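# Commentary on secondary and tertiary structure
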Amino acid sequence: MNSLDGIRILDCSRVLAGPWCTQTLADLGADVVKVERPPGPTHPGGDDTRGWGPPFLQGRDGHDTGEAAYYLGANRNKRSITCDISRPEGQALIRELVATADVFVENYKVGDMARYGLDADTLRGINPRLVYCSITGFGQTGPYRNRAGYDYAIQGMGGLMSVTGERDDLPGGGPQKVGVAVADLFTGLYATVGILAALRHAERTGEGQHIDMALLDTQVAMLANLGANYLVRGRAEGQVPGRAGNAHANIVPYQVFEVAPDGQGHPQHIILAVGNDGQFARFCQIAGCPELAQDPRFARNADRVRHRAILVPLLEPLLRQRSKADWLSALETAQVPCGPINDLAEVFADPQVLARDMVHRWSHPLADTLDLVASPLKLSATPVRNDLPPPLLGQHTAEVLSSSWLSLTPERLADLSRQGII
């Protein structure tokens, strides 16, 4: 049994934020039906990310299948149907499906769904219990509501790129995005939280609601301590947080340090993440500089932050005296937070990652095996499901429309297919 058994979700979202949300809900047991555009004479159909490669999944014949890794990483545990929602017959079909759904997720531009007769008010008129979640770049209100929103641009507009990357006065300084689409991913997760809360409300009251999720809102919210730093003091004092490389705005020493090179002379680094004064004192003992922990300039974290420019240059030569393995062993033994900087090959070979089963192997319709990153959710009574690999385009159209959600006759299915609606 899964946590969301019995919950039906109609997923009209594409690319990443929406699919990331619905993938999480599918992992938890919801029946997620992904609605995709049918193939046409001028387009391949389906979620755009199906073609966002290489890399593509390699099939049993050794050739690329056309299923991009990008798509595969965000669509497990779902079923796919095709439906052309730009045509009246397709819109009518979606409304039939909505009558039996609990959740509807879409990430079309503001106003598009209303033109299709698939907006929140219309669909909740059909099904008052429906939780309708819209995901857009800027939300349903405000002066930017009609703009298209993309993760990269949102990272810039929402302030993240102003605090990410090396300091402007150092080599390599300047605006830098995060290596993965964090605005999309965080918005997907916030949308998941909102949907679960709205489902709870609908369960108690019988009343659905419209969830209005915006990438920009999420990006602003996830500024976290840096946003609070600015609002609490920086705004009044005219101080705007800037890029600090690998340093932390509120904790010192909490950054990357270079250590002794490896046997081939290659530079090596570790992360030192001292979080409190006791950890700093233990670090100083290990580093052979216990006097620094007694120095009034460095004894407390607030003092270390104020005197960062003095302390860090004192620590840098000490860190370079010992190897990465030596430092990590000594610091872990003393319970001083630290860590290596792994590439992805090292990540997926890490014994902790392996022990936590963070890679799941699937059997795919086009390949004998498909390894994907697993859900991080570990629930003791209702574990996540792992029964449906990312679906092929329209793989479940007949199943969903004729026997699972609806009971359309073979004749109607054939007619819809003949018209190119499904």
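Description of the structure in this document. From a predicted model like this one, the values you see are computed outputs, not experimental measurements.

It is worth spelling out the sheet that holds strand E1 (residues 8–12) at this point. One open sheet holds the six strands; their spatial order is E5-E2-E1-E6-E7-E8, and the pairing between them is parallel. Among the strands making up the open sheet, the edge pair consists of strand E5 (78–82) and strand E8 (209–214). In this sheet, neighbouring strand axes are inclined to one another by 20 degrees on average, regardless of whether the strands run parallel or antiparallel. Pairing of strand E7 (residues 131–136) with E8 involves six bridges; the strand directions are parallel. Counterpart to Tyr132 in the pairing with E8 is His210. Here helix H7 (residues 182–205) sits on the sheet and contacts strand E6 (103–106), E7 and E8; the angle it forms with E8, its principal contact strand, is near 165 degrees. Contacting E1, strand E2 (31–36) and E5, helix H17 (residues 397–404) crosses the sheet at an angle of about 90 degrees to E5.

As for its placement among the helices and strands, Arg243 is situated in the loop between helix H9 (224–237) and strand E9 (254–259). Judged by its relative accessible area of 18%, Arg243 is buried. Within the structure, Arg243 has its side chain in polar contact with the backbone oxygen of Met161 (distance 2.8 Å). Side-chain polar atoms of Arg243 contact the side chain of Asp168, separated by 2.9 Å. Residues in contact with Arg243, not counting those within four places in the same chain, are Met161, Ser162, Val163, Thr164, Gly165, Glu166, Arg167, Asp168, Gly174 and Pro175.

Parameters and conventions
Residues numbered from 1 in each chain as written. Predicted model: local features only at pLDDT ≥ 70, side-chain atom pairs only at ≥ 80, totals over all residues. Heavy atoms only, no water. Pairing = 2+ DSSP bridges. Helix = DSSP H or I, 4+ residues; strand = E, 2+ residues; numbered from the N terminus. Axes fitted to C-alpha atoms, helices over the stretch in contact; angles between N-to-C directions. Contact = heavy atoms within 4.5 Å. Buried < 20%, exposed > 50% of the residue type's maximum accessible area, 1.4 Å probe, protein only. Polar contact = N/O pair within 3.5 Å; in protein donor to acceptor, adjacent residues only side chain to side chain.

This is a description of form; function is not addressed.
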